[in-house]
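# Close look at the chain arrangement
One letter stands for each residue in the lines below.
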Number of protein chains: 4
Amino acid sequence: MSHEITSAKFASDKSLSHPLWSGDFYNEGTGKDDIFDTLKEECGVFGVYGHSDAASLSYYGLHSLQHRGEESCGMCVADGKEFNYHRGMGLVKEVFDKDKMASLVGNMSIGHVRYSTSGDSRLANAQPLIFKYRDGDLAIATNGNIVNAPQIRHELEQSGSIFQTTSDTEVVAHLIARSSKNVVEAAKDALARIVGGYAFLIMTNDKLLVASDPHGLRPITMGKLGDSYIFSSESCALETVGAELLRDIQPGELLILDKDGLKEDRYTEPQRKALCAMEYIYFARPDSDLNGSNLHASRKRMGSRMALESFVDADIVTGVPDSSISAAIGYAEQTGIPYELGLIKNKYTGRTFIQPSQELREKGVKMKLSAVRGVVEGQRVVMIDDSIVRGTTCLRIVNLLREAGATEVHVRITSPPFKNPCYYGIDTPDRKELIASNKTVEEICREINADSLAFLSPEGLISAVGGDNANDPSGGLCLACFNNDYPTTLDFGGEEKAGCGC
Amino acid sequence: MSHEITSAKFASDKSLSHPLWSGDFYNEGTGKDDIFDTLKEECGVFGVYGHSDAASLSYYGLHSLQHRGEESCGMCVADGKEFNYHRGMGLVKEVFDKDKMASLVGNMSIGHVRYSTSGDSRLANAQPLIFKYRDGDLAIATNGNIVNAPQIRHELEQSGSIFQTTSDTEVVAHLIARSSKNVVEAAKDALARIVGGYAFLIMTNDKLLVASDPHGLRPITMGKLGDSYIFSSESCALETVGAELLRDIQPGELLILDKDGLKEDRYTEPQRKALCAMEYIYFARPDSDLNGSNLHASRKRMGSRMALESFVDADIVTGVPDSSISAAIGYAEQTGIPYELGLIKNKYTGRTFIQPSQELREKGVKMKLSAVRGVVEGQRVVMIDDSIVRGTTCLRIVNLLREAGATEVHVRITSPPFKNPCYYGIDTPDRKELIASNKTVEEICREINADSLAFLSPEGLISAVGGDNANDPSGGLCLACFNNDYPTTLDFGGEEKAGCGC
Amino acid sequence: MSHEITSAKFASDKSLSHPLWSGDFYNEGTGKDDIFDTLKEECGVFGVYGHSDAASLSYYGLHSLQHRGEESCGMCVADGKEFNYHRGMGLVKEVFDKDKMASLVGNMSIGHVRYSTSGDSRLANAQPLIFKYRDGDLAIATNGNIVNAPQIRHELEQSGSIFQTTSDTEVVAHLIARSSKNVVEAAKDALARIVGGYAFLIMTNDKLLVASDPHGLRPITMGKLGDSYIFSSESCALETVGAELLRDIQPGELLILDKDGLKEDRYTEPQRKALCAMEYIYFARPDSDLNGSNLHASRKRMGSRMALESFVDADIVTGVPDSSISAAIGYAEQTGIPYELGLIKNKYTGRTFIQPSQELREKGVKMKLSAVRGVVEGQRVVMIDDSIVRGTTCLRIVNLLREAGATEVHVRITSPPFKNPCYYGIDTPDRKELIASNKTVEEICREINADSLAFLSPEGLISAVGGDNANDPSGGLCLACFNNDYPTTLDFGGEEKAGCGC
Amino acid sequence: MSHEITSAKFASDKSLSHPLWSGDFYNEGTGKDDIFDTLKEECGVFGVYGHSDAASLSYYGLHSLQHRGEESCGMCVADGKEFNYHRGMGLVKEVFDKDKMASLVGNMSIGHVRYSTSGDSRLANAQPLIFKYRDGDLAIATNGNIVNAPQIRHELEQSGSIFQTTSDTEVVAHLIARSSKNVVEAAKDALARIVGGYAFLIMTNDKLLVASDPHGLRPITMGKLGDSYIFSSESCALETVGAELLRDIQPGELLILDKDGLKEDRYTEPQRKALCAMEYIYFARPDSDLNGSNLHASRKRMGSRMALESFVDADIVTGVPDSSISAAIGYAEQTGIPYELGLIKNKYTGRTFIQPSQELREKGVKMKLSAVRGVVEGQRVVMIDDSIVRGTTCLRIVNLLREAGATEVHVRITSPPFKNPCYYGIDTPDRKELIASNKTVEEICREINADSLAFLSPEGLISAVGGDNANDPSGGLCLACFNNDYPTTLDFGGEEKAGCGC
């Protein structure tokens, strides 16, 4: 890991007529204000084995994972004979009503929340995907991405397979269905064939299978509620349904649950643990634990470490809500500079919200985020954020603070510069759009109109994360987006597949 | 074809406390009043080749075929590069709005309306089904049923295929995708492999294929609108979009439309023409033409013939709306007995309508159909209906007329007794529920509380249909539901599949 | 009543490029195809006194009156203590669901269906209107129009009244509330003060009042169901709920229903009976009875009389659906010319339907109504319609028949020429838009592109209507739209109010 | 103001099987989890004068006031000739879509968001209310309650007025309409007649009137955006639309805006300033300013003062989200005890959310709020909340913390004990349900299962609020809910009216 200059300081341009301001603040095409859309979430999964009200638990569990995917959701419940399922576009509370829930009878279930990826928010891709095959019914829910899915898909198509979705999940279903082995062995073969970062929930009429990729890139945890087992992308959903967190699923592991109980098996040898660092930095809820480490506490440590690495004298510390609140508290605690609510997010904004016209925006109408003049005016502000992707969002927030009267804005990012796309389930822009891949810290500081800018060092990040892998030099983390060190091969002779394959 | 006694006459039971009255008038389970649900429709298809506004034409075309399927609908439009599609539950006017229509760009399209079959009204089965396969995109819309679909599906599953729907259409997609030939040859092989009654619209990124089964069991017509070709289950939809009716697709025919224009090919030799007689009797709109014969005119001839075969002296003739209006007019014209609106259907009743409680029904609340007291009171009524399936509906209507003061009710059915289930796309009950399969005409007459009852003879039906096949002894019709003479083999060593496979 | 020339015959213009064709076929502004919108309905009311499930009866009753108003509906139920009510935009089946119905508890109710009038379809105007006043709760539902409402409203405003709707009903509520008498006496005073054509249902916490205007211009009938009383704009709704028709409410009558039973009172002396002739000709359902005369039978007689007055030799008779079917049957029966379904209406068209673009319409896309080529082609057609308002609709239908191959089209209108606006509840255009007010029959015939045209004579209409007032020279009818003989004064020194005041 | 004992400390009952636990955590009747519903909001208003896109500004303004009322909303826009308006049930983003917005043309508008009050969430009560009266159109939007509305309403009804809503606003409309003076003078008379706490926006076709009650009980602020004036219940909405905050409307003030510009008038002499203290403590957004004081800053000072008044040694400080976050930060800052996210609120929970069954709740399913085990486990927790109403919510949150492993829970309430109902617009329970009105602090402490409990003193509250009235002994606040000192008379010889009259 190379040491790089991760902080900068200079007189910023305090004029607000910045050329970027009106350029891409709002994405007119998608109707979305992308102020919080810097990185797209990569879906969440939730599974239940052995509870008579599996559907209700899934409803509350998926609701707790809603931040991992707001666009579509679904669940499939097995009653021993057949699958009962429902999928739809929208939030959990919108897609499922009492009538729908009443029809979802069974004691085993898998569920899914999904984020939109560009231009592909069709209902057909909503998970779990449901198939009929030789041995009965098959349902699959995934979080993550299969890097070599295009190659496998091509091979399958050449030998006559048809596909109804663009999801990686369908590739795995074909591999299982084509095997002459039983579903457990077939799933092992299929998982051994694919390369990527993923958590899989696979359900047949009488079995639930749970798998994590060989590096444990995507999180998946196991809990217990009475005699039943619960599986969730994040532990917060276990807490919500009253389940006790048992442990994280290990790299290369395959759990099989059926009438014989829980069998802990594996489909490959574990490889170096490389859990997505962005889960710690940005995605997971602060009340989740990952690898033995609470997220709020980890983020507070990122803030503290940031304060030690790049202290700046100021009047107040504020965090960009919601993801950077914890880090801001940590920074404030470490430095003694008061933590304030300098930025407020409007909790009612959502899909159906009408965005202001260009003219109104230019006149100052702002919706999702506002800077609090009564807090910020006349103050030197340390603004804590979790990452900078294109830089445009950061610029806008700095400008909001300046408009509200901040005399200085010092930006502190609780992650290293984001330079490389993700191939394991996070929807990142091309490298040429990643500002840190193309500009120096000084240039970025100027671009975002900050008085100073600093990123957290990789070492700082690793030390802040802590948890079970604290002794591993890389902290058990995948840091590829920062250091280009991808845990899997990306070379398949053809197109490899970035982004999210859920 | 055996000659059977098809009329009966005796003193009916005029008391209204008939044991069947409250038994199954309303289907509480489905929330449906099945007074008009005696036979379920078997879907409709509509295709466009070579029109810049293919989607709009499809919208109006499918709307005209709405009577063939009210539960779900969909269309897929090809723009030369990719497929744009939308499917949903509900009527055409509910599923498609201006925004959806605006996104359906392209000059080739296929569309579908679908009726629910029991317990299986999932959105996943809404057509057209869309697949990705080796050579690109594939969309298929079907009307009909493949008798040997279970066997083929079993074979495909054994060799590793997965299925996402219960539709026969998916079987055909697999057969095409697994072939090593080009799509036209692959489609020919697939069609040669299946047995049943069907019309298929198959679309790739640059081709539209149209096929009819070897007996022409299900109708499919071709029209021309300027330089573009239009295909529709019924000619009424051609008229709606201003297209000129060219001809019906012939048994065993496969039309291929692509940049080289229209190629008239076939995948098998034609076998004896056997178009579904129920299309003439009940399903098709009166403004459609089938095999050169207008439906309203055919039905009037059925009424006239009925009058000749089973005249009864009476004061008025009334038809059960909407399907028996034409026949009633014919009967009245032939006999000189005045045709009257003795029965009125409420046009606003539909899916969301709240059915009256048992108590209110017993007190006389009636919704879908009412007898017009001012017309019927004190009159001897000839009531014309198209068919008797279980007999319960007919009983109710007779009783409605009696309650409204009819002194005699003579039922005349413009088809032979319905005795055998359909394997070619009509959702019929089991043979043991078909009243004509289990009772004599006298018994049925008593059961439906009529003063007399007569069915049209098969010969009468054939002569009334007329059209292009008037010289064929069977009139070019499939009469299997009446005479058990199925045009295809039904023997596949396993389960054969009745009903509708759309 | 002057005798005028009401028929014409000459060589029509058979070219289809008629200047009117593309002009106003579709009303782009309202998104409506006004092909059937020649005259707007004037609302319907339904009341129940003394039935434990008053709301359910109202649901089915209003559903049966749906043809009188498709835009909004509502009902208010009294449980002795308070009012439970619900109103909404849309059809009865759309506005009321099971949850809503469950909340509508009580044994007395009034309900309403309402047609939109131009630009004023706000929910605020949906009836019944509900008020709180000195003596408790007050609900009012109306069918009709108060000619002097503007004057009364002006006076009320001058003395401090505020209005929340544009409905005449609110005027009456103010008059009642301002009186120092009890509600019955106050209602009598209020009704004596207003001039117009109306039926009123007025409900307090313990009383139901039913009133008809002094001329009985708008229909309102009374029925009995067990011990409860039912009131309905048309008798078809009585039949639907199983109630027995007792009689029509008489001009100037005020019925009072309360714990003392039914009291038959009146607020003024009856004046000459003048029931709206258009109810017979066009509005009421064929299964309703008005003044002792069944509507289907009356309309058949109009067709028969038409045949006697203006016979023309032809091959087929067809009626414009739905309102002219009965008359066409009568014409056919009288002449022996076969009655055929030459025109078909698409039953699925409705509010949400997307209208074809101008371009598609010019290319022949047609939606609501189609001419049946198989019936019409090569035939001389007698086309029966109920009225001609602006003439544009009639022209379009004639052209549809010609396009479908009719060789001659003879139009027979079963009413006299419509020359004068209605001030009693029908939404008619200005006199300058009424074609019969501005052109001779010959000119109209040319305008609508017919081979010949004839209107029914007023005498013919009166004789066809029949019923209780057959001996009255005017048949107990208001014929003002034909003969300018308005039963009430229209002179109020200011603006009088045409159209519908519901 | 009496000095009372406002803190308590003793060994709490740490068992979780507390009798209150399952009793009323969820309100099954309303389908609401009332964990955050301790006090109901009292509506919000937003007005625009002189901006060509008044409707869009109102949309964003009302959206910023959404926290003040989530149940219904509406706006009315004047274009100089007529009113264009829309109202509906639901959030701003749900009620208004692009089509609706496009129809709301005009440069003057008033809007409203409304909270439900028990059993009375009818659409008819959605504001602004719109009236027609002698001088044209009148629209009114209110925040607050008129104590003597029942008396005035009774008088109006006695003299013949009718009411269509239960809203106080309608009373004011009647008073204005009945006056013979012009609308400004009539409004002054009407406002002088009513007693209560309120902010009024009154719009005619050419004037906008803005009024605050004589004590300024409910907040209403004025801002400027270019040449246009903006009025809002809270300043956060001014900030959102880019307007500059000018000042708060003063007690007894009446602003008149018309073609002559802004006229600052008054309808009565100002009385002692008594702005609702709960606005500071709980209701207003932290980014709003009231009387020159930023809410976040005020709440931080409440937390600091709390720390001085009732320090307790502990490991972490946590606030109940969202309203107590600021105070918790202040407490932490003052004491040096770390501020942590010990409680997390699920941001996706809302109206349509399905509540867990009793069985699932007993098994630990929790939805809206969760305690973060990784933060709380093994810690002594100071839990900051804004108020205790019935005590049940507080008990639940304490128990959540204990279940998550907190070893001690010390509750600090940043307001004095809430003992008296509000008559000025806040929907409070009866005095007998207010726990502080019936129990000592020690008893409450035991009831909520806390290790210690303390309330902020009234003096502490006044000093923390600060702002323009810092020198006033009562801080310019209404503290009646704490000290029973109501600023207005409540004695009207009859029923006075508590709660919210919007």
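Residues numbered from 1 in each chain as written. Chains lettered and ligands numbered in written order. Predicted model: local features only at pLDDT ≥ 70, side-chain atom pairs only at ≥ 80, totals over all residues. Heavy atoms only, no water.

A separate point is the pattern of salt bridges. If you walk through the whole model with that rule in mind, you get 118 salt bridges over all chains. A salt bridge links Arg247 of chain C to Glu253 of chain C; its shortest N-O distance comes to 2.6 Å. With a relative accessible area of 7%, Glu253 of chain C lands in the buried category. For the salt bridge of Asp135 of chain D with Arg134 of chain D, the shortest nitrogen-to-oxygen distance reads 3.4 Å. Overall, Asp135 of chain D belongs to the partly exposed group, its relative accessible area being 46%. For Arg134 of chain D, a relative accessible area of 18% gives the class buried. Through salt bridges with shared partners, one network takes in Arg68, Arg218, Glu234 and Glu279 of chain A. (Salt bridge = Lys/Arg side-chain N within 4 Å of Asp/Glu carboxyl O. Buried < 20%, exposed > 50% of the residue type's maximum accessible area, 1.4 Å probe, protein only.)

Further remarks concern the relation of the copies chain A and chain D. Under the fitted operation, chain A is carried onto chain D by 0.0 Å of movement along the axis and a turn of 180°, and the coordinates agree to an RMSD of 0.1 Å. Put plainly, the chains are arranged around a two-fold axis. Taking C-alpha positions as the reference, the residue of chain A nearest the rotation axis is Lys347 of chain A, at 3.6 Å. The fraction of interface residues of chain A whose copies in chain D are also interface residues reaches 100%, indicating that both copies meet through the same surface. (Least-squares fit on C-alpha atoms with pLDDT ≥ 70 in both. Contact = heavy atoms within 4.5 Å.)

Residues and elements named next belong to chain A. Mapped onto the present numbering, the UniProt feature "binding site: [4Fe-4S] cluster" (unreviewed entry) falls at Cys276, Cys422, Cys478 and Cys481. On the basis of their most widely separated C-alpha atoms, the annotated residues across 206 residues gather in one place, lying no more than 10.1 Å apart. Considering the arrangement of structural elements, one finds Cys478 in strand β26 (residues 477-478). Looking at Cys478, the relative accessible area reads 9%, which means it is buried. Ignoring sequence-local partners within four residues, the contact set of Cys478 consists of Leu217, Ala274, Leu275, Cys276, Ala277, Tyr424 and Pro487. By the secondary structure assignment, Cys481 is in helix α17 (residues 480-483). Its relative accessible area of 9% is what places Cys481 among the buried residues. Non-local contacts of Cys481, meaning those with residues more than four positions away in its chain, are made with Met278, Pro417, Phe418, Lys419 and Asn420. (UniProt positions renumbered as here; feature names shortened; annotations may be inferred. Helix = DSSP H or I, 4+ residues; strand = E, 2+ residues; numbered from the N terminus.)

The next subject is the relation of the copies chain D and chain C. Laying chain D over chain C is done by rotating through 180° and shifting 0.2 Å along the axis; what remains is an RMSD of 0.1 Å. The fraction of interface residues of chain D whose copies in chain C are also interface residues reaches 96%, indicating that both copies meet through the same surface.

Attention shifts here to the environment of Leu262 of chain B. All names here are of chain B. Position of Leu262 relative to the elements: it lies in strand β16 (residues 261-266). Between the C-alpha atoms of Leu262 and Leu208, which are 54 residues apart in sequence, the distance is 9.4 Å. If we ignore the near neighbours within four places in the chain, the residues touching Leu262 are Met222, Tyr229, Leu255, Ile256 and Leu257.

By the secondary structure assignment, Asp135 of chain B is in the loop between β8 (129-133) and β9 (136-146). Here Arg134 of chain B takes part through its side chain, which lies 3.3 Å from a polar atom of the side chain of Asp135 of chain B. (Polar contact = N/O pair within 3.5 Å; in protein donor to acceptor, adjacent residues only side chain to side chain.)

All right, on to the interface of chain D and chain C then. When the parts of a complex come together, some accessible area is lost, and that lost area is often taken as the interface size. Counting residues at the interface gives 25 residues for chain D and 25 residues for chain C. For the pair chain D and chain C, the two sides together bury roughly 2,200 Å², of which 51% comes from carbon and sulfur. Connecting chain D to chain C are zero salt bridges. Where chain D meets chain C, there are four residue pairs in polar contact (both at pLDDT 80 or more). For the side of chain D that touches chain C, the elements supplying multiple residues, two or more each, are β6 (83-89), β8 (129-133), α4 (149-158) and α5 (168-178) of chain D. Split into classes, the residues belonging to the side of chain D that touches chain C amount to eleven nonpolar, seven polar and seven charged. (Buried area = accessible area lost by both parts, 1.4 Å probe. Nonpolar A, V, L, I, M, F, W, Y, C, P; charged D, E, K, R; others polar.)

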